[in-house]
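# Inside the fold
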Amino acid sequence: MRQLVLILLSVIGLSLLAGQAHGHQQKEAYTSIVFNQRSGMLEIQHRFYLHDAEHAAQQVIDSNADLISDPVSREAFAYYAISTFSMQDQQQHPLPLTYVGTELQGKYLWVYQETPITTDMEGFYLKMTTLQELWSEQTNHINVERNKHVTSARLHIADSWHYIEVAKASE
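On a predicted model such as this, the values are computed, not experimentally measured, just so you know.

Reading guide: rules and limits
- Residues numbered from 1 in each chain as written.
- Predicted model: local features only at pLDDT ≥ 70, side-chain atom pairs only at ≥ 80, totals over all residues.
- Heavy atoms only, no water.
- Helix = DSSP H or I, 4+ residues; strand = E, 2+ residues; numbered from the N terminus.
- Buried < 20%, exposed > 50% of the residue type's maximum accessible area, 1.4 Å probe, protein only.
- Contact = heavy atoms within 4.5 Å.
- Pairing = 2+ DSSP bridges.
- Axes fitted to C-alpha atoms, helices over the stretch in contact; angles between N-to-C directions.
- Core = buried A, V, L, I, M, F, W, Y, C linked by side-chain atoms within 4.5 Å.
- Salt bridge = Lys/Arg side-chain N within 4 Å of Asp/Glu carboxyl O.

Quick look at the overall build of the chain now. In terms of helices and strands, the chain carries three helices and nine strands. The order of α-helices and β-strands along the chain, N terminus first, is α-β-β-α-α-β-β-β-β-β-β-β. Classification of the 171 residues of the chain by burial places 39% in the buried group. Of the contacts made within the chain by residues no fewer than 6 positions apart, 59% connect residues no fewer than 24 positions apart.

Moving on: the sheet that holds strand β3 (residues 85-88). Taking strand neighbours across the sheet as the criterion, the three strands line up as β3-β6-β9 in an open arrangement whose pairing is antiparallel. If you trace the sheet from one side to the other, it starts and ends with β3 and β9 (162-165), each paired once. On average, each strand axis in the sheet is tilted by 30° relative to the strand beside it, whichever way the strands run.

Strands sit in the order β4-β5-β2-β1-β7-β8 across an open sheet of six strands; the sheet is mixed. Of all strands in the sheet, those bounded by a partner on one side alone are β4 (98-105) and β8 (149-155). Going across the sheet, the axis of each strand differs from the next one's by a mean of 20°, ignoring polarity. Bridge count between β4 and strand β5 (residues 108-116): seven bridges; the pairing is antiparallel. Its bridge partner being in β5, Gly101 is matched across the sheet by Tyr112. Sheet contacts for helix α2 (residues 50-60): β1 (28-36), β2 (41-49), β4 and β5; angle to β2, the most-contacted strand, approximately 80°.

A separate point is the pairing of strand β7 (residues 139-146). Taking burial as the measure, the eight residues of β7 include six buried ones, the bulk of the element. In this structure, β1 lies alongside β7, joined through seven bridges in parallel fashion. Within β7, the position partnered with Thr31 by the bridge is Ile142. In terms of strand pairing, β7 meets β8 through seven bridges, oriented antiparallel.

All right, on to the nonpolar core then. In this structure, Ile33, Phe48, Phe77, Met87 and Phe124 are the most contacted members of the largest nonpolar core, which totals 35 residues. A total of five residues in this core trace back to one element, the largest contributor, which is helix α3 (residues 71-83). Ile33 has contacts with Leu42, Glu43, Ile44, Phe85, Met87, Leu126, Ile142, Asn143, Val144 and Glu145, leaving out every residue within four places of it along the chain.

Now for the pattern of salt bridges. Counting across every chain of the model gives two salt bridges. Between Lys27 and Glu137 there is a salt bridge, with its nearest N and O atoms 3.7 Å apart. With Lys27 in the loop between α1 (2-22) and β1 and Glu137 in the loop between β6 (123-128) and β7, this pair connects stretches of sequence that are 110 residues apart. In this structure, Lys168 engages Glu122 in a salt bridge whose closest nitrogen and oxygen atoms are separated by 3.2 Å. One end of the pair, Lys168, is in the segment after β9; the other, Glu122, is in the loop between β5 and β6, with 46 residues separating them in the sequence. In this structure Lys168 comes out as exposed when scored by relative accessible area, which is 52%.

Worth remembering: the numbers are spatial, not functional.
Have a look at this one:
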């Protein structure tokens, strides 16, 4: 009987540790910027770990924010996220980014934006400070894809505008 109790306590302890590991904040976000030649749009997809986004929403939006079950909280987080992301063209003029929507997918919260592709898009100035005012170790990864060629950047709290050169448009 004593062995059974020890086994049960071990299983419970391991379950609690696994729960803590699963709930640990990642402090990373991923943004993909994709040239969609068919639509003529530059598609921007921000991917946040839902766990991190929930913690952030409760700090920057409302302590009762619930991104899973409350679409209003989700939209509020999306507007926070897009307010902390900016793009400029090669002449450092702001690109007009349109908010498209948000989506929950597994352990991720996605926020979507877009802007029309112009003929001279061979590089951008990017700035993304999302979540960095909450966690100084937050890293925002950005990948720009054009013609199956990907260029990447990692933005940290000390970074300002980051220039990223992209593949030329296919002829």
